[in-house]
Amino acid sequence: MRILFLAPVVPWPLTQGRNLRNFHLLRILAARHEVELLCGSFDAGPPALPSEVAELVEFGEVVAWPGRPLATRLLDMGQSVPDIWQTYASDRLVDSAWARHATKPFDCVHVAGFEMMGTWIRVCDRLTARIPYVLDEHNIEYSLRESMQAGEALSVADIPYRIYNHLQTRRTRRHETGAWQRAWHVSTVSPEDRDQVLKHVPAHRVSLVPNCLDIRSLPKVERNSVRPHSLLFMGKMDYRPNVAGVTWFCREAMPALRERFPDASFTILGRDPAADVRALNDMPGVTVTGYVESLVPYLEQAATFVVPLFQGGGTRFKVLEALAAGIPLVSTSQGIAGLPLENETHCLLADDPNELATAIARTWSEPATTWPRVANGQRIVETHFDWSAIAPTLAGIYV
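Attention here is on the structure that accompanies the text.

Calculation rules
- Residues numbered from 1 in each chain as written.
- Predicted model: local features only at pLDDT ≥ 70, side-chain atom pairs only at ≥ 80, totals over all residues.
- Heavy atoms only, no water.
- Pairing = 2+ DSSP bridges.
- Helix = DSSP H or I, 4+ residues; strand = E, 2+ residues; numbered from the N terminus.
- Contact = heavy atoms within 4.5 Å.
- Axes fitted to C-alpha atoms, helices over the stretch in contact; angles between N-to-C directions.
- Buried < 20%, exposed > 50% of the residue type's maximum accessible area, 1.4 Å probe, protein only.
- Phe/Tyr/Trp six-rings, centres within 6.5 Å; stacked < 30°, edge-to-face > 60°.
- Salt bridge = Lys/Arg side-chain N within 4 Å of Asp/Glu carboxyl O.

### Details of the sheet that holds strand E13 (residues 348-349)
Item 1. Taken in spatial order, the 6 strands make up an open sheet running E10-E9-E8-E11-E12-E13, and their pairing is parallel. With one partner strand each, in any of the chains shown, strand E10 (286-290) and E13 form the two edges of the open sheet.
Item 2. As defined by bridge partners, strand E8 (residues 230-234) adjoins strand E9 (residues 265-269) across 5 bridges and the pair is classed as parallel. Among the inter-strand pairings, Phe233 is bridged to a residue of E9, identified as Ile268.
Item 3. Against the sheet, helix H15 (residues 353-365) makes contact with E8, strand E11 (304-307), strand E12 (329-331) and E13, and its axis sits at roughly 175° relative to E12, the strand it touches most.

### Remarks on unusual backbone geometry
Item 1. Residue Pro13 is reached from Trp12 by a cis peptide bond, and omega for that bond is 0°.
Item 2. Relative to the helices and strands, Pro13 is located in the loop between strand E1 (2-7) and helix H1 (17-30).
Item 3. In this structure, His229 takes a positive phi of about 60° despite not being glycine.
Item 4. Relative to the elements of secondary structure, His229 occurs in the loop between strand E7 (206-208) and E8.
Item 5. For Asp272, which is not glycine, the phi torsion reads 55° and is therefore positive.
Item 6. As for its placement among the helices and strands, Asp272 is situated in the loop between E9 and helix H12 (275-278).
Item 7. Classification of Asp272 as partly exposed rests on a relative accessible area of 35%.

### Details of the packing of aromatic side chains
Two numbers describe a pair of aromatic rings. These are the distance of the centres and the angle of the planes.
Item 1. One pass over the full model with this rule turns up 10 aromatic pairs.
Item 2. Aromatic side chains Phe261 and Trp364 sit 5.1 Å apart centroid to centroid with 90° between the ring planes, which places their arrangement in the edge-to-face category. Here Trp364 lies in helix H15 and Phe261 lies in the loop between helix H11 (254-260) and E9, a separation of 103 residues in the sequence.
Item 3. Relative accessible area serves as the criterion here: at 16%, Phe261 is assigned to the buried category.
Item 4. Residue classification places Trp364 among the buried positions, given a relative accessible area of 16%.

### Some words on the pattern of salt bridges
Where charged atoms of side chains with opposite charge meet at close range, the side chains can pair.
Item 1. In the structure shown here, the tally under the stated rule is 16 salt bridges.
Item 2. Arg2 is paired through a salt bridge with Glu34; the nearest N and O atoms lie 2.8 Å apart. In this pair, Arg2 is assigned in strand E1 and Glu34 in strand E2 (residues 34-41), connecting sequence segments 32 residues apart.
Item 3. Assessed through its relative accessible area of 4%, Arg2 is described here as buried.
Item 4. One salt bridge connects Asp91 with Arg122, and the closest N-O pair in it is separated by 2.4 Å. Of this pair, Asp91 sits in helix H5 (residues 91-103) while Arg122 is found in helix H6 (residues 117-124), placing the two residues 31 residues apart along the sequence.
Item 5. Through salt bridges that share partners, Arg2, Glu34, Glu36, Arg100 and Lys104 make up one connected network.

Structure, rendered in structure tokens:
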């Protein structure tokens, strides 16, 4: 089968969830099919396809996404399509997709995320015959927007911002559910997301394709140098749910934890920390690293991995990576959403700051119950969340 893979950004480096998912799905598909990749980039400088990605595909091209200043975004409000489609819009990419198909037709298109549906629709407008597409929903975009809006405390000055977001969420819901209905197939990362899609699409056209790890290539993590009373969180630190989560944790839970453990420390690891995150460096016991070359030293030293999130969608690679590394996990309910993890069996769950601090303290003071949970967490990742486990599902979609 000849497949066009449309991705919002170059699936490299493997330092954030979207890149991880798209790289491994691309790798699995390219092992069985002839795949061409068209994607974009927000990076400065000439767009380029790294060798790690180029070697997977028959053809690859990267375009530069145009900038969208505030004035442009306000003007675009008059259009009927979601704002996210305007962000990932490029005439050059549409021209390239149409030209590649005209030269040698594609049998199917893999649309890597709802944000790329606007591009695909523009390509379809030029076609004389319909090409089936698979929409891979790494997040359900309208649900993600709803969860972020529900957690925001906005002032009167933010009313225009809330109106804008409400309008965009309504547009996104309408167009996203429509994209599901027109798709040949829809793949989701969690059972909860699958259930959302099943309200609009027959079951035989919806598959669960969870986020996974490449277990064989994971770096070796030696847990012989753990720092007592140390906490770790990692993620892309300009992502709004991550920013809100670590800010809340530092203000609401860390003071209570440091009352009980004066040496308690919290390391926030991840690229592009927002201003609110960088400001947390001034709090006692908190360190914001920004981007780091290797996660291994931090995974080896962390006594507990904490996921203090209340917003977001999909499932989180960071949780799987922490479990695979053998780190005790403490999370809010939302932090492990979409994953088959049970409180007291694989992790400890709490949504109140004092209860969260108590759960963390248990991982430090109750080794007899902590290490069985760690072993259970490692086992579930190794048996259910390796990319090789979902290859048969993909094979069943692309037939």
